[in-house]
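Take a look at the letters that make up each chain.
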Amino acid sequence: MTLENVQVHASRLDGGPARVRVQRALIGGRELRDVRLECADFVAFPEQRCRGGVVSAAGFGPWPVEFSVRGTSRVLQASLQLEPAVRIDVTGTLAGAHPQLLLTASRLDIGRLFARDEVLNSWQPAGRVDVSLALADFGAPQAPSARFRAVLSDAGFSSADGLRAAAALAATVDITATRDGDRWRGRVAADWAGGELLWGGVYLKGGATALSSAFTLSDQTVDFSAMSLDLAGVGRIDGHASFDRDAQALSSGRFGAEKLDLAALNERLIAPLFLVRGWPALRMRGQGGLEVAMDAAGIRSARLDLLDAELADTADRLVLTGLSARIPWRRGEPTEATASVSQAAFGRLDAGPFDIAVDLAPERVSVKPVRIPVLDAGLRINALTFRQVAGRWDADLSADLEPVAMPAVTEALGWPKMAGSLAASVPHIRLRDGVMTLDGQMLIRVFGGYFAASALQVIEPFSATPRVLADVQMRYIDLEALTDTFSFGRITGRLDGEITGLEMAHWRPVGFDARIHSSEGDYPREISQRAVESITALGGPGAAAAIQRSFLGFFERFGYRRMGVSCRLLGGVCVMDGLAEKNGGFVLIEGGGVPALSVVGYNRRVDWQELLDRLARVTDSKPVIE
């Protein structure tokens, strides 16, 4: 402590008013100017005493103060009233073999404490703190020591850019230290009882979180050793770290953890972090291990281990069970991550087991070719690569689905049983700027024919409202297999179709121009009475079946020459047409054979949802078709 230009005015030294003025004071590295102390009753001998005093400085006070120093041990008692409910007390002995001081204060306003510090005040500190500071053996031959405790309540701060902030913090900090030559050595312990903390991209919620560490403080560095962070219900993280005091930054560190509870870790750290960034929520269980090494540039290397874990999105669209993984990462160097999955599920479709390997490189992640068993077939990922470009991630995918038996697929999905098999080929899908685009055609083989999608785009595929754009062709679809599956009535023959300008919002069609018609070629063409009734019901009041009525009851099946229908969906309305115009209507089925049969539609504008409802009624099918 340094005092400059000290002036003392007292009428008497054994009692009476007195005034002390200090032009400049340096206390603990802080500068105070125009410090004034006025005592209503001041005594200098045989003890030093100030009663009814008031102390102030430029920008501080005035505050009521009283103190006394008496006896050979120089026993000190002092109090400073900052606010009606905030008081600082100092007691102790200033002389003897073991001098000591104890400072206590309750409910100090954190914002006022740092109001004059431009750097700290820019963080908008707030809240209250209870403080106690004990000093021992200062000025003595033995090493001085200190004990400090701070209890924060309803505390918080916020950086100017808003990327670092805290609110409603409740915590206790204990520090013990002893002078050792030109260094201080000691321990620090912190118990975070509640509140929220945002630090860059990391969001944390407090509650039963404790930190303890040994430390060494020198003029250049602060070194922490035997660090231990206990996260309630999650596990413990151990490590050590060193901070450069001049740079005010971490210079080196290493942290590790074993047997972290993934469910608790997800609840306390991962889920809040994903929520802040707008990422989809995940469900986790099992155990995990972590090791991180850091230097002045940031994370130098890291490794994540998973043991018998389960990972799933909250909608259960993807579930990985029995997941064990080892995922290493090193700055500027390629590594390989490996994982094994005992069971997986894509929605209702079960898959696995399988092993997977991933090449990790700076700004690039590549999944090596892998076959994932799905029912009685397999999904082959031929190529899957993620690249970081200008701060965003792009992706490329190529995959094939081997022919899988449709009875197994429909049973797993809870759909009506279908015959045949399902296969698909995805030559190349790329993700750029939030848009997933198909290069070439995606081919799906089903019902003896195939569906081919081209010009496929999925805009914001991982958002809550994805949009899909595509053109679709279907060729040589077996009508008998299709109609038998959905209890529509039996139709034999083959079907082609084109859907152009398909647009879907949240996986529901909002616009397209579609035409479905009989395939070219020579094959049996028959339609059952049940199918005629279904088509008529599907057309509603504006559809009619023209047949030889007198023979209707005698025939279960009828021949037809061709069939076709078109629908242009816009604004929730399907504008319909058929093969040709007839008597003000449009032909849906053109008769052929004996008895002759034709179906004519007259209602050209049909509400799309009503059309779907009619289809559900006539098929009595379980899947929701949209």
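Conventions we followed
- Residues numbered from 1 in each chain as written.
- Predicted model: local features only at pLDDT ≥ 70, side-chain atom pairs only at ≥ 80, totals over all residues.
- Heavy atoms only, no water.
- Helix = DSSP H or I, 4+ residues; strand = E, 2+ residues; numbered from the N terminus.
- Buried < 20%, exposed > 50% of the residue type's maximum accessible area, 1.4 Å probe, protein only.
- Patch = residues over 30% accessible without salt bridge, like charges linked within 9 Å, V, L, I, M, F, W, Y side chains within 5 Å.
- Areas by Shrake-Rupley, 256 points an atom, 1.4 Å probe, with all protein chains shown as cover.
- Salt bridge = Lys/Arg side-chain N within 4 Å of Asp/Glu carboxyl O.
- Polar contact = N/O pair within 3.5 Å; in protein donor to acceptor, adjacent residues only side chain to side chain.
- Phe/Tyr/Trp six-rings, centres within 6.5 Å; stacked < 30°, edge-to-face > 60°.
- Domains from an automatic or database assignment.

Novice: Describe unusual backbone geometry, listing the residues and the values that go with them.
Specialist: Going from Phe45 to Pro46, the amide bond is cis rather than trans, its omega being 0°. Looking at the secondary structure, you find Pro46 in the loop between β4 (41-43) and β5 (48-57). Here the residue pair Gly61 and Pro62 is connected by a cis peptide bond, since its omega of 5° sits within 30 degrees of zero. Relative to the helices and strands, Pro62 resides in strand β6 (residues 60-70). Of note, Asp308 is a non-glycine position whose phi angle comes to about 45°, a positive value. Relative to the elements of secondary structure, Asp308 occurs in strand β20 (residues 298-313). For Asp308, a relative accessible area of 45% puts it in the partly exposed group.

Novice: Which residues make up a nonpolar patch on the surface, and what values do they have?
Specialist: A cluster of nonpolar side chains, Leu3, Val6 and Val8, forms an exposed patch at the surface whose accessible area comes to about 260 Å². Counting through the fold element by element, Val6 comes out in strand β1 (residues 2-10).

Novice: I'd like a rundown of the side chain of Glu83, residues and numbers included.
Specialist: By secondary structure assignment, the location of Glu83 is in strand β7 (residues 75-83). Among the polar contacts made by the side chain of Glu83, one reaches the side chain of Arg112 at a distance of 3.1 Å.

Novice: Which residues make up the packing of aromatic side chains, and what values go with them?
Specialist: A complete count under the given rule lists 5 aromatic pairs for this structure. With a centroid separation of 6.3 Å and an interplanar angle of 55°, the aromatic rings of Phe60 and Trp63 are classed as tilted. The exposure class of Trp63 is partly exposed, given its relative accessible area of 23%. When the ring of Trp123 is compared with that of Phe157, the centres are 5.8 Å apart and the planes differ by 65°; the resulting orientation is edge-to-face.

Novice: Residue-level account of the domain arrangement of the protein chain, with values.
Specialist: The assigned domain composition of the protein chain is domain 1 (1-60), domain 2 (71-210) and domain 3 (456-619). With centres defined by C-alpha atoms, the gap from domain 2 to domain 3 works out at 78 Å.

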